[in-house]
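Working through the structure, step by step
As a plain string of letters, each chain reads:
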Amino acid sequence: MSTLLADLLSRDPQRIWSSACAVIRLHGGPALDELAAHLPKIERETAGVALGGALFPNSEHLQQALGVLRVRRDGVCSCRLYPIYLMYDPEKEVQAGRVQMLYADGPSNWNMNYRCRCFRCGTDYDVEQGESHYAWWQWRAVQ
Ligand SMILES: [Zn+2]
């Protein structure tokens, strides 16, 4: 059993939180496949564990990690994950080669609008960047 899987099944809030954050950063590979194969067990064992969180609820990270595993299991494009989580920085997605930046514009460094295109499936997204206690990005698929 991988460390990530052991942590997700541990019912220990700190271990679940750190492994969830690691899962969100996985974008393919055998580690993700192994975890996706254990999805029902992970969903069962993480249910009801209070994860806490100060400025941002840690349960959001776990829910996103479960989303990453579901997308992997179902074989749909991972860009479907962007609109349901506020932590996907379009600049980092560009650097990682997952999206193409079509434009970037805005009144300030912290209030930007982007349009990005998924390299894999071609879906376009409008991305609004804002900041409260942390920077966030709201992705919306362009209809
Ligand atoms: Zn896509």
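Note that the structure is a prediction, hence the values are computed from the model and not measured.

**A few points about the sheet that holds strand 1 (residues 99-108)**
Strands sit in the order 1-2-3-4 across an open sheet of 4 strands; the sheet is antiparallel. The sheet is open, and its two borders are formed by strand 1 and strand 4 (135-141), each paired with just one other strand. In this sheet, neighbouring strand axes are inclined to one another by 20 degrees on average, regardless of whether the strands run parallel or antiparallel. By the bridge criterion, 7 bridges tie strand 1 to strand 2 (residues 111-118) in an arrangement that is antiparallel. Residue pairing for strand 2: Val 99 is matched across the bridge by Cys 118.

**Overview of the pairing of strand 2**
Judged by which residues are buried, strand 2 turns out to be one-sided: Met 112, Tyr 114, Cys 116 and Cys 118 face inward and are buried, whereas Asn 111, Asn 113, Arg 115 and Arg 117, on the alternate face, are not. In terms of strand pairing, strand 2 meets strand 3 (residues 124-131) through 6 bridges, oriented antiparallel. What sits directly across from Met 112, in strand 3, is Gln 129. Joining the antiparallel neighbours strand 2 and strand 3 is a turn of 5 residues, in which Gly 122 adopts a positive phi near 85 degrees.

**With respect to the domain arrangement of the chain**
As far as domains go, the chain holds domain 1 (3-76) and domain 2 (80-141). Each of domain 1 and domain 2 was reduced to a C-alpha centroid, and the two centroids are 23 Å apart. Each partner contributes to the roughly 1100 Å² buried at the junction of domain 1 and domain 2, and carbon and sulfur atoms together form 67% of this total. Inspection of the region where domain 1 meets domain 2 yields 3 residue pairs in polar contact (both at pLDDT 80 or more). With 6 residues, helix 5 (residues 58-74) is the single largest residue contributor to the side of domain 1 that touches domain 2.

**Quick notes on the coordination of the zinc ion**
Distances from the zinc ion to its protein donors, Cys 77 (SG), Cys 79 (SG), Cys 118 (SG) and Cys 121 (SG), fall at 2.2 to 2.3 Å. Geometry at the zinc ion is tetrahedral, judged from its 4 donor atoms and the angles of 101 to 114 degrees they form at the metal. Read N to C, the donor residues that coordinate the zinc ion are spaced as C-x1-C-x38-C-x2-C. Placement of Cys 77 in the loop between helix 5 and helix 6 (90-95) and of Cys 121 in the loop between strand 2 and strand 3 is noted, with a sequence separation of 44 residues between them. Residue Cys 77 is classed as buried on the basis of its relative accessible area of 9%.

Criteria and cut-off values
Residues numbered from 1 in each chain as written. Predicted model: local features only at pLDDT ≥ 70, side-chain atom pairs only at ≥ 80, totals over all residues. Heavy atoms only, no water. Pairing = 2+ DSSP bridges. Helix = DSSP H or I, 4+ residues; strand = E, 2+ residues; numbered from the N terminus. Axes fitted to C-alpha atoms, helices over the stretch in contact; angles between N-to-C directions. Buried < 20%, exposed > 50% of the residue type's maximum accessible area, 1.4 Å probe, protein only. Domains from an automatic or database assignment. Buried area = accessible area lost by both parts, 1.4 Å probe. Polar contact = N/O pair within 3.5 Å; in protein donor to acceptor, adjacent residues only side chain to side chain. Donors = N, O, S within 2.8 Å, 3.2 Å for Na, K, Ca; no water. Tetrahedral: all angles 85-135°; square planar, octahedral: opposite > 155°, others 65-115°.

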